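These are the residues of each chain, in order.
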Amino acid sequence: MSRHIKIVGAIAAAALLATACSQGSATRGTTAEAGGKVTLRYFTFSAAPDHVKDLDTIEKAFEKENPNVDVVVETAPFDQYFTKLQTSIAGGTAPDTFELNYENFVTYASAGSLLDLGTVAGDVDTSVYAQSSLDAFKRDGKQYALPASFSTVVLFYNKDLFDKAGVPAPTADWTWQDEQAAAEKLTDKKKGVYGDFQPVQFFEFYKTLEQAGGEFLSADGKKSAFNSPQGVKAATWLVSKVGKTMPTEAEIGGTADYDTNLFKSGKLAMWHNGIWQFAGLKDVPFEWDVVVEPGDSAKASAVFHNAVAASSGTKHGKEAWAWARFLSASDTAATTRIQSSWELPPVSDQQVLSGYLKDPEPANRQAVFDSLKSIALPPVIKRQQEMQDAVTKELSEAAAGRKSVQDALTAAAAEVDALLG
């Protein structure tokens, strides 16, 4: 499954992280020096498994420009990453630098786990970044992380399956109803072919909620607002696919990367997933393309921001800043990401981004940029992971038929309100 699907475990409460950050920093960071070099640890989830070599290219270029720094890269799958990061911070062994997504940034910044990069950056021009991306990783006016990449979720589709079934291919004007009608025609359970795959979980719910015209939180952010007619409509849209046009949880059986393998095997017609999947589909034996996701009363596309942060306990603040800056804004990093169809660099130079459209597969790469016209950012609270888990758990109950959609949303809203309180 994709990384935004596999959210498991929990980030420790802010109090735990704050306690960890107040501990002595004797074991934090890497103090070993070899031949006068600084060893800088970097922990990431987005490079593995498809872009480890691309990250290595960026790392080598950085080390050539900074011969006094040796970057040691550590990776973990997304479903294990934040548990491991939490443990290392709590144990005083945090990496010098690490990757953070937008959703979890607030928790770490609020807990004092992150280095204020402004204290080591000096007078550095930040105009290279798209301002909205840069601002996303500020807290109380301080820059606690540098935006390194962004990606969007689009609708992948198997062109061969559509052609064989005589079903018109998806367009940017499609609605939920169009998607559902096509999915029903394309599903053939006897052949193991499914028409659609869209996970029933938090990350899909907040987006479909916006597509239905609803809001996740109240305007002041102090209370849940998703237990509404729009919320019921959005959750019903997700739940109604299970067992009909997409497999059930029991059929998936906890199999890792089930949806990815299903699509690659040519047995999934439509797939809601992120552009980070492009590189892994280069060799599939069928034609495929992408389109902006269908909406209901409105369009809304999920956009994920990742950033590079430094541990507040690192002993190598200046080197951490230099690495974060290079990884997020250098020409090498931007070019490498674009050429390898990795997540896109959050740079302000549109000429740099225009190169992304030159890759012929998928043909409709313009959909990636079109999806940015209607961005749905995830709601963020201090107890982020607990909120995500609570919503996903209740939606899973509805998907399994153990609760009605309304009862599931009522229970989820109560849990979220308790977290906000």
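All values derive from a computational prediction rather than experimental measurement.

1. Observations regarding the overall build of the protein chain
Item 1. Along the backbone of the protein chain there are 18 helices and eleven strands.
Item 2. Relative to a compact globule of 421 residues, whose C-alpha radius of gyration would be 22 Å, the protein chain shows 22 Å and is just as compact.
Item 3. Projecting the C-alpha coordinates of the protein chain onto the three principal axes gives extents of approximately 65 × 50 × 35 Å.
Item 4. Buried residues in the protein chain amount to 55% of all 421 residues.
Item 5. Taken as a whole, the protein chain presents about 16,800 Å² of accessible surface, with 51% of it coming from carbon and sulfur.
Item 6. Mean positive and mean negative side-chain charge positions of the protein chain (40 and 53 charges, respectively) differ by 2 Å.

2. As for helix α14 (residues 331-339)
Item 1. Of the residues making up α14, those classed as buried are Ala333, Ala334, Thr336, Arg337 and Ile338.
Item 2. Buried-residue contacts for α14 involve α2 (52-65), β7 (145-158), α13 (317-329) and α15 (350-354).
Item 3. Immediately beyond the C-terminal end of α14, within one or two residues, lies serine 341, with a positive phi of roughly 60°.

3. Examining the pairing of strand β3 (residues 69-75)
Item 1. Of the pairings in the sheet, the one linking strand β2 (residues 37-44) to β3 comprises seven bridges and is parallel in character. Counterpart to threonine 44 in the pairing with β3 is threonine 75.
Item 2. Read from β2 through α2 to β3, the crossover connection turns out right-handed.

4. Focus: the pattern of salt bridges
Item 1. In the structure shown here, the tally under the stated rule is 18 salt bridges.
Item 2. Salt-bridge contacts for aspartate 296 lead to lysine 233; the nearest nitrogen and oxygen are separated by 2.9 Å. Residue aspartate 296 is found in the loop between β9 (288-291) and β10 (301-310), and its partner lysine 233 is found in helix α10 (residues 229-239); the two are separated by 63 residues along the sequence.
Item 3. A salt bridge links aspartate 359 to lysine 282, with the nearest nitrogen and oxygen atoms 3.1 Å apart.

5. Regarding the nonpolar core
Soluble globular proteins: nonpolar side chains tend toward being buried together.
Item 1. In this structure, Phe156, Phe205, Phe216, Phe226, Trp288 and Leu344 are the most contacted members of the largest nonpolar core, which totals 64 residues.
Item 2. Each residue touching leucine 344, except ones within four places of it in the same chain, is listed here: Ala148, Ser149, Phe150, Ile275, Arg337, Ile338, Leu353, Tyr356, Val368 and Phe369.
Item 3. Membership of the second largest hydrophobic core comes to 27 residues, among which are Ile58, Leu134, Leu146 and Ala324.

6. Details of the side chain of asparagine 306
Item 1. Counting through the fold element by element, asparagine 306 comes out in strand β10.
Item 2. For asparagine 306, the side chain forms a polar contact with the side chain of glutamate 343, separated by 3.1 Å.

7. A few points about the packing of aromatic side chains
Item 1. One pass over the structure, following the stated rule, counts 32 aromatic pairs.
Item 2. Aromatic pair phenylalanine 278 and tryptophan 288: ring centres 5.9 Å apart, planes at 55°, arrangement tilted. Taken as a pair, phenylalanine 278 in the loop between β8 (270-274) and β9 and tryptophan 288 in strand β9 lie far apart in primary sequence, ten residues in all.
Item 3. Accessibility expressed as a relative area gives 3% for tryptophan 288, which makes it buried.
Item 4. Clustering of aromatic rings is evident, with ring pairs tying together Phe202, Phe203, Phe205, Tyr206, Phe216, Phe226, Trp276 and Phe304.
Item 5. If you follow arginine 337 out to its NZ or CZ, it ends over the ring of tryptophan 342, 4.2 Å from the centre.
Item 6. Geometry around tyrosine 356 places arginine 365 over its ring, the cationic atom sitting 4.5 Å from the centre.

8. Focus on the pairing of β9
Consecutive side chains of a regular strand alternate in pointing toward one face of the sheet and then the other.
Item 1. Burial along β9 is two-sided: Trp288 and Val290 and Asp289 and Val291, pointing in opposite directions, are all buried.
Item 2. Looking at chain direction, β7 and β9 are connected through four bridges and run antiparallel. Each residue of the ladder has a partner; that of leucine 155, found in β9, is valine 291.

9. Considerations on the packing of helix α9 (residues 202-211) against helix α17 (residues 384-399)
Item 1. Direction vectors running N to C along α9 and α17 enclose 85°, while the axes themselves pass 8 Å from each other. Judged on the interaxial angle alone, α17 and α9 are roughly perpendicular. Here Phe202, Phe203 and Phe205 of α9 come into contact with α17, specifically with Gln384, Met387, Gln388, Val391, Thr392 and Leu395.
Item 2. A breakdown of the residues in the contact of α9 with α17 according to their chemical character gives six nonpolar, three polar and no charged.

10. Here's the deal with helix α3 (residues 78-90)
Item 1. Compared with the 18 Å implied by 1.5 Å per residue over 13 residues, the 19 Å span of α3 between its first and last C-alpha is a close match.
Item 2. The set of residues buried in α3 consists of Phe78, Tyr81, Phe82, Leu85, Gln86, Ser88 and Ile89. Along α3, the residues classed as buried sweep out an arc of 165° about the axis, all on the same side.

11. Describing the confidence of the model for the protein chain
Item 1. For the protein chain, the mean per-residue pLDDT works out to 89, and 92% of the residues sit at or above 70.
Item 2. Of the regions scoring below 50 in pLDDT, residues 1-34 engages in 106 contacts with residues more than four places distant in sequence or in other chains.

12. Side note on the environment of phenylalanine 226
Item 1. Secondary-structure assignment places phenylalanine 226 in the loop between α9 and α10.
Item 2. Along the chain, phenylalanine 226 and glycine 317 lie 91 residues apart, while their C-alpha atoms are 42 Å from each other.
Item 3. Beyond its immediate sequence surroundings of up to four residues, phenylalanine 226 is in contact with Phe205, Leu209, Glu215, Phe216, Gly231, Val391, Leu409, Ala412, Ala413 and Val416.

Basis of the calculations
- Residues numbered from 1 in each chain as written.
- Predicted model: local features only at pLDDT ≥ 70, side-chain atom pairs only at ≥ 80, totals over all residues.
- Heavy atoms only, no water.
- Helix = DSSP H or I, 4+ residues; strand = E, 2+ residues; numbered from the N terminus.
- Rg over C-alpha atoms; globule rule 2.2 N^0.38 Å.
- Buried < 20%, exposed > 50% of the residue type's maximum accessible area, 1.4 Å probe, protein only.
- Areas by Shrake-Rupley, 256 points an atom, 1.4 Å probe, with all protein chains shown as cover.
- Lys, Arg positive; Asp, Glu negative; His and termini not counted.
- Charge placed at Lys NZ, Arg CZ, Asp CG, Glu CD.
- Contact = heavy atoms within 4.5 Å.
- Pairing = 2+ DSSP bridges.
- Right-handed = clockwise from strand over helix to strand, strands pointing away.
- Salt bridge = Lys/Arg side-chain N within 4 Å of Asp/Glu carboxyl O.
- Core = buried A, V, L, I, M, F, W, Y, C linked by side-chain atoms within 4.5 Å.
- Polar contact = N/O pair within 3.5 Å; in protein donor to acceptor, adjacent residues only side chain to side chain.
- Phe/Tyr/Trp six-rings, centres within 6.5 Å; stacked < 30°, edge-to-face > 60°.
- Lys NZ or Arg CZ within 6 Å of the ring centre and 35° of its normal.
- Axes fitted to C-alpha atoms, helices over the stretch in contact; angles between N-to-C directions.
- Parallel < 35°, antiparallel > 145°, perpendicular 65-115°, else oblique.
- Nonpolar A, V, L, I, M, F, W, Y, C, P; charged D, E, K, R; others polar.
- Expected span 1.5 Å × (residues − 1).
- Arc of directions from axis to C-beta.
- pLDDT = per-residue confidence, 0-100.

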